[in-house]
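Each chain, letter by letter, is given below.
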Amino acid sequence: MEDKSEFLCGVVEGFYGRPWSVEQRKVLFQWMQRWGLNTYLYGPKDDLKHRLLWRELYSPEEEAQLKTLVREAELRGLRFVYALSPGQDMVFSSSCDLTLLKRKLRQVTELGCQAFALLFDDIDHSLSQADSEAFSSFAHAQVSVANEIFRFLGEPSVFLFCPTEYCGSLCSPSVAKSPYLLTVGEDLLPGISVIWTGSKVISRELSADSLVEVQNVLQRPLLVWDNLHANDYDSRRVFLGPFKGRPPSLRSQLQGLLLNPNCEFEANYIPLHTLGHWHRTGAQILKGGAGQYCPEEALSAALQDWMEELSQPLQPGRQVRPSELGSSGSISKSADNPPTSRGSKLKPPPGTERWDDFPSAVPPSATPATKQGGAEDMPTDRGEGCEETRPEEAREREREGQGEKEREGGEEGERARKKDQGPGRGVLEKGQGRGLGGGKAPLSEKEVRLLVGLYFLPHEHGRPGQSLLQDLTWLKTNSHCVSANGKKGPPPKVEEWRVRAGRFLAACDDVARLHVSVVNSVNRAVLYDLYPYIWDLRNTVLVAKAFVSWLDGRVLNDTQSLSSWRNCFHWCGVAMGADVLGVESEPWVFKGGLSGEVQMLLPIGTSTELFTHPPPLFPTCRLYNIRPFQLKDKVELYRMVRQLHLKTQGKQDSALPHPDLIGDRYLGASLALKRYQASWLPAMRDKYPTRPHGGAQEALLQFQEEQADYPDSLLYHFPSQVWLDALPELVDCSQGVFCDVLPTDRQRLELLAKLGFLEILRGEARPREGVVLGRLL
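Residues numbered from 1 in each chain as written. Predicted model: local features only at pLDDT ≥ 70, side-chain atom pairs only at ≥ 80, totals over all residues. Heavy atoms only, no water.

1. Comments concerning the pattern of salt bridges
Note the cut-off: Salt-bridge detection follows one rule: a side-chain nitrogen of Lys or Arg within 4 Å of a carboxyl oxygen of Asp or Glu. Under the scheme used here, helices are H or I runs from DSSP no shorter than 4 residues and strands are E runs no shorter than 2 residues, and both carry numbers assigned from the N terminus. Per-residue accessibility, obtained with a 1.4 Å probe over protein chains only, is compared with the maximum for each type, and a residue is labelled buried under 20%, exposed over 50%, and partly exposed between these values.
According to the stated counting rule, one finds 21 salt bridges in the structure shown. Here Lys-49 and Glu-62 are joined by a salt bridge, their closest N and O atoms 2.8 Å apart. Of this pair, Lys-49 sits in the loop between strand S2 (39-42) and helix H2 (60-75) while Glu-62 sits in helix H2, placing them 13 residues apart in sequence. Looking at Lys-49, the relative accessible area reads 13%, which means it is buried. Note that Asp-536 is salt-bridged to Arg-236, the shortest N-O span being 3.0 Å. With Asp-536 in helix H18 (residues 524-551) and Arg-236 in the loop between strand S7 (222-226) and strand S8 (254-259), this pair connects stretches of sequence that are 300 residues apart. Of the two residues, Asp-536 and Arg-236, neither departs from the other in class, the shared state being buried. Taken together, the shared-partner salt bridges in this structure form one network comprising Asp-471, Lys-493, Glu-496 and Arg-500.

Here is the structure:
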């Protein structure tokens, strides 16, 4: 621990957002020990006593927690670095503030901590009036306090200083000419290390040349605070990809590298696993051994181990399971020392090149339209319908079969329903069966690979994400080949369009099935951390799926008027991510990640609010089918409407003069539609005869008053209305409540699909998950 030459490699908990729990940090320390990492820096921005209330001492309970963490890190052979961020409101020239700062750090020292950091990142450059009189510059004020605290702590072997200009893009006018950095380099005591993030806050790559330039200015080796996997700047993005873009040989120029990871603890297994691989490879190179860090191989090894982690029934927050506790209440050896990484390369199964092949991951800056080859350019096998049955597929099919048997209506009813639908339908029903069955199971290898490929890195999509974007762009660009006004493209081009469209729709179905599998996964800790992201992407790709289905035979050619859909494609984005903003832009400039880039290709422009759909209170994978209304449904529909009314009014059934009154009042006229005047009203007069002071007669009069007189031409084209409501017994009202739909033509269903209420899957319409459909007529 006292060796200053040791390369510090590990984790910095320095993100904005809810800090990790004590239990999660203990698990983190287990991971770090297992993978050869050696340093943890405590600095969560939203810990009030780390940043906003830095002057306040920790309470006895907080002291006990910190002491436990320091001791746990020591037992694991890790260095615990305590960081404080006083720069927001500190008066650098104030002896009182300096005393309070020393008091706070003395308290932490007494808890056993021996390594420290002062962070002055993300604060205003201006000085107070008192500081302007005491110091010649902002840099002098910070350096003076850092030097004073360093001496006060006895010049510890690890003392880190994070400057306000902590990356190349924040330096003014440049790294080499920054007065701020020059002052820090000249006046900061030699034993203090400086933190740096690279050329950007989130650097795509770190090069030796750029680091040498900074080190020459600061006159000391740097410690890299690496934000590669940080996601606190975008609520729609999470990064599951490997550590990459940093050659292992860099460690000869650095004092250390600490990864600032995803806010969601469970999302960091692969990033930290591969960081450990990178660290071990660098150590071998320094010792003169042969070694080369390959991100793809590191990813495969991490996936192998993560599969074991995902098979464990962990609860949200990483609570210790009873099985992990021995008789004395301490963590058992099996939980405390999990199996080490085998380091073997996980090879993708044959026939799954489209999703499972990560070495060819493509940056989002690659223009999708550049890959517009023929059908032969598209992978032909998605791993479905293969003669060979792989183990994970066998397990998945078994789970699906169990879910289908438990579904309402039984197995025979399911077969009958699919027979009515015809071949090729019900793709999502497999996942639906698993969801309704409620059985929990581990994710399959194929599903985990797809998950990682969809949420890869801030500057780079995995192959699944890139394929989605390329296909959607190509289909939109070439939609004139299947135009509606007869001027279609040559038959081979039409066939290519439809083949690629079919594969795009299948890819969207893969994402929907992945959502179902995540919801039903046995590892609930991973579920709750990743669910908002897979929910968001699933909803977006289902809209894109409806859009592509609509494109086939609906778009008019360029010879049509400017009001045609073809000429309205200027609403859509024409490029994605880094194409628009430049490769060197920070990732947060363009919001949404893969989901946002798919959305940009839809005909809504930059109106991201149209797809803002928060996840439900409880993770769900339920899907509801919409079918034509049948007379046998009327009794159940009336019951639902009556139940809603009585719950709202706080009444009992006995208070109604007739059990059908509420159904007739709110639903009957809509079911009758064009037969309203001819047959429905006369039938109601017979059903509810005139009575003195009769509530039914009063309601019947309201029927006639409220029924609008719509022209026949309007009813012919748009005989529809939407009523959204939820049954009162539902715990989570984001669940879809299904009543029914009248016999309708495809045009009206497509209109509802474009409005976001429905999705149309191979001729069958279903409501979006979370859309509350009380009546759809």
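2. What to know about the nonpolar core
Using the following cut-off: Residues enter a nonpolar core if they are buried and are Ala, Val, Leu, Ile, Met, Phe, Trp, Tyr or Cys, with the set joined through side-chain atoms within 4.5 Å. Working rule for contacts: check all heavy atoms of both residues, and any pair within 4.5 Å makes them a contact.
By size, the foremost hydrophobic cluster in this structure holds 137 residues, and its most contacted members are Phe-80, Tyr-82 and Trp-306. Sort the elements by how many residues they give to this core and H18 lands first, with 15 residues. Every residue in contact with Phe-80, bar those within four places of it in the chain, is listed here: Phe-29, Tyr-40, Tyr-42, Leu-66, Leu-69, Val-70, Ala-73, Cys-113 and Ala-115. Core analysis: the next-biggest nonpolar cluster, separate from the first, contains 21 residues, Leu-41, Cys-162, Val-201 and Tyr-233 among them.

3. Considerations on the state of the cysteines
Under the convention used in this document: Sulfur atoms of two cysteines make up a disulfide when they are within 2.5 Å.
Counting across every chain of the model gives zero disulfides. Here Cys-171 is not disulfide-linked; the sulfur of Cys-167 is the nearest cysteine sulfur, at 6.7 Å. On the accessibility criterion, Cys-171 (7% relative accessible area) is buried.

4. Thoughts on the packing of helix H22 (residues 661-672) against helix H23 (residues 676-687)
Note the following rule: Angular values range over 0 to 180 degrees, each being the angle between N-to-C directions of two axes fitted as lines to C-alpha atoms, with helices fitted over their stretch in contact. Reported orientations rely on four angle classes, namely roughly parallel under 35 degrees, roughly antiparallel over 145, roughly perpendicular from 65 to 115, and oblique for the rest. Should the near helix be turned anticlockwise from the far one by less than a right angle, the crossing is left-handed, and should it be turned clockwise, the crossing is right-handed.
Look at H22 against H23: their axes get within 9 Å of each other, and the N-to-C directions meet at 150 degrees. One finds that H22 runs roughly antiparallel with respect to H23. Remark: the crossing between H22 and H23 carries right-handed chirality. Mapping the contact onto sequence places Asp-664, Gly-668, Ala-669 and Ala-672 in H22 and Tyr-676, Trp-680, Met-684 and Lys-687 in H23.

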